[in-house]
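Observations on the three-dimensional arrangement
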Amino acid sequence: YIENFSAIPYTDEENNTLMRFGKVFQQTYTRFNDLQNAEAQAREAQIELSLERVRAKTMAMHNSRDVGDTVAAMFDEVVKLGIETIRCGIGIMHEPGEMEVWTAKSDEDGKVDLIIGRLDMMMHPLLQGAFNGWRNNQEFYTYELMGDDLINYFTAINNHPDYPIKYDLTTLPERIIHSEFRFAEGTLFVFSLEKLSAEASKIFKRYAGVFGQTYRRFLDLQKAEAQARDSQIQLALDRKS
């Protein structure tokens with residue numbers, strides 16, 4: 001609508017002029033909608049291509065050690081999509097209350113190593129909530145760290161003997177938002193300075209689903225490698241007997 005709030009009726013000439021403006025704006029708005037739809041389609045194509053690259057990396061894994069490259073590739077794709085985070089990681093949950101934390105790190109030669117640590121999920125409310133959310137099939141979990149609670153969390157992390165990464169408490173921001181996206185065996189977790197946008201949350205949820213496939217591929221490769229090793233040992237024993 002083009003509306004008149006002046007309480008003075010327009011003349012017929014003024015109304016005709018406004019009608020003409022209305023028709024022009026209708027064309028403008030139609031063009032605006034078309035551009036929005038085109039941008040949304042282009043963004044979706046970009047996201048799907050990004051997910052497909054991670055899927056392809058998963059299927060190209062020849063042994064369980066290749067999972068580090070796949071994890072690194074996934075986090076690289078997040079950066080390419082323009083999503084700002086402090087850190088991302090993978091948590092593999094184990095009952096009754098432990099998480100295996102996966103972090104991919106590249107050396108100077110570009111070789112990717114998978115750093116694996118473990119955390120007691122009962123040592124801080126953030127971790128307790130994350131574990132309970134996973135256990136209860138909660139697809140999304142978030143926790144805001146601030147003040148003493150933030151310091152207590154990172155102090156607990158630093159003091160945990162099975163977690164290899166240490167943090168400088170003097171350089172921490174005033175607030176950190178922690179978000180988790182569930183897959184069957186664990187979660188994809190994200191630390192960010194601001195709450196994730198609706199679009200970013202949807203993207204991470206899709207990545208969590210893709211990584212679930214990666215992790216199951218990893219387990220299959222581990223099982224095959226163990227069977228191959230057992231066969232090799234048995235063959236050696238048979239030769240000696």
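Refer to the structure printed above.
Starting afresh in each chain, residues are numbered from 1 along the sequence in its written order. pLDDT decides what is reported in this predicted model: residues at 70 or higher carry local features, side-chain atom pairs at 80 or more are listed and counted, and totals for whole chains, interfaces and linings draw on all residues regardless. Side-chain numbers here rest on the full set of heavy atoms in the structure, without hydrogens or water.

Considerations on the overall build of the chain
Numbered from the N terminus, helices here are DSSP runs of H or I no shorter than four residues, and strands are runs of E no shorter than two. Check the secondary structure of the chain and you find five helices and six strands. Just to be clear, the radius of gyration here is over C-alpha atoms, and the globule rule we use is 2.2 Å times residues to the power 0.38. A compact globule built from 241 residues should have a C-alpha radius of gyration of about 18 Å, whereas the chain, at 26 Å, is more than 25% larger. If one aligns the C-alpha atoms of the chain with their principal axes, the spans along those axes are about 110 × 45 × 40 Å. Burial classification: accessible surface area is computed with a 1.4 Å probe over protein chains only, and a residue below 20% of its type maximum counts as buried, one above 50% as exposed, and the rest as partly exposed. Burial statistics for the chain: of 241 residues in total, 35% are counted as buried. Intrachain contacts of the chain at a sequence separation of at least 6 include 59% that bridge at least 24 residues. Counting every atom, the chain has about 15100 Å² of accessible surface; 53% of that belongs to carbon and sulfur. In this charge count, Lys and Arg are treated as positive and Asp and Glu as negative; neither His nor the chain ends contribute. Charge positions come from single atoms, namely NZ of Lys, CZ of Arg, CG of Asp or CD of Glu. Placing the 27 positive and 37 negative side-chain charges of the chain at their respective mean positions leaves the two points 7 Å apart. Any pair of residues with heavy atoms lying within 4.5 Å of one another is described as a contacting pair. Here the Shrake-Rupley method, with its probe set to 1.4 Å, supplies the accessible areas, and only the displayed protein chains count as covering residues.

Points about unusual backbone geometry
Cis geometry is adopted by the peptide bond preceding proline 96, which originates at glutamate 95 and carries an omega value of 10 degrees. Looking at the secondary structure, you find proline 96 in the loop between strand 1 (87-94) and strand 2 (98-106).

Quick look at the layout of surface pockets
Estimates place the volume of the largest pocket at around 210 Å³. The definitions used throughout rest on a 1 Å grid laid over the protein atoms alone, on which a cavity is an enclosed set of points accommodating a 1.4 Å probe that cannot get out and a pocket is an open set flanked by protein within 12 Å on both sides along at least five of seven lines; lining residues are those having an atom within 4 Å of a point. Lining the largest pocket we find 14 residues, and of these Ile83, Glu84, Thr85, Ser192 and Leu196 sit closest to its centre. Among the residues making up the lining of the largest pocket, the classes are represented as five nonpolar, four polar and five charged. Grid points are joined across faces, edges and corners, and a volume is the space filled by probe spheres set on the points. Under the scheme applied, nonpolar residues are Ala, Val, Leu, Ile, Met, Phe, Trp, Tyr, Cys and Pro; charged residues are Asp, Glu, Lys and Arg; polar residues are all the others, including Gly.

So, helix 3 (residues 125-135)
Those residues of helix 3 lying buried are Leu126, Leu127, Gly129, Ala130, Phe131, Gly133 and Trp134. With its phi angle positive at about 60 degrees, asparagine 137 sits one or two positions after the end of helix 3.

Structural notes on the side chain of glutamate 77
Structurally, the position occupied by glutamate 77 is in helix 2 (residues 67-80). Accessibility expressed as a relative area gives 5% for glutamate 77, which makes it buried.

Describing the packing of aromatic side chains
Side-chain rings of Phe, Tyr and Trp (the six-membered ring for Trp) are treated as a pair once their centres are within 6.5 Å; stacked means planes under 30 degrees apart, edge-to-face means over 60, and tilted covers the remaining angles. A complete count under the given rule lists 15 aromatic pairs for this structure. Residues tyrosine 153 and phenylalanine 154 carry aromatic rings whose centres are separated by 5.0 Å and whose planes lie at 85 degrees to one another, so their mutual orientation is edge-to-face. Judged on exposure class, the residue tyrosine 153 and its partner phenylalanine 154 are both buried. Their ring planes at 45 degrees and their centres at 6.4 Å tell us that phenylalanine 154 and phenylalanine 191 sit as a pair that is tilted. A residue pair is termed long-range when its members are at least 10 positions apart, and phenylalanine 154 in helix 4 (residues 147-159) and phenylalanine 191 in strand 6 (residues 186-192) qualify at 37 residues. Comparing phenylalanine 154 with phenylalanine 191 shows no difference in burial state: the two are buried. Grouped by ring-pair contacts, the aromatic residues Trp102, Phe183, Phe211, Tyr215 and Phe218 constitute a single cluster.

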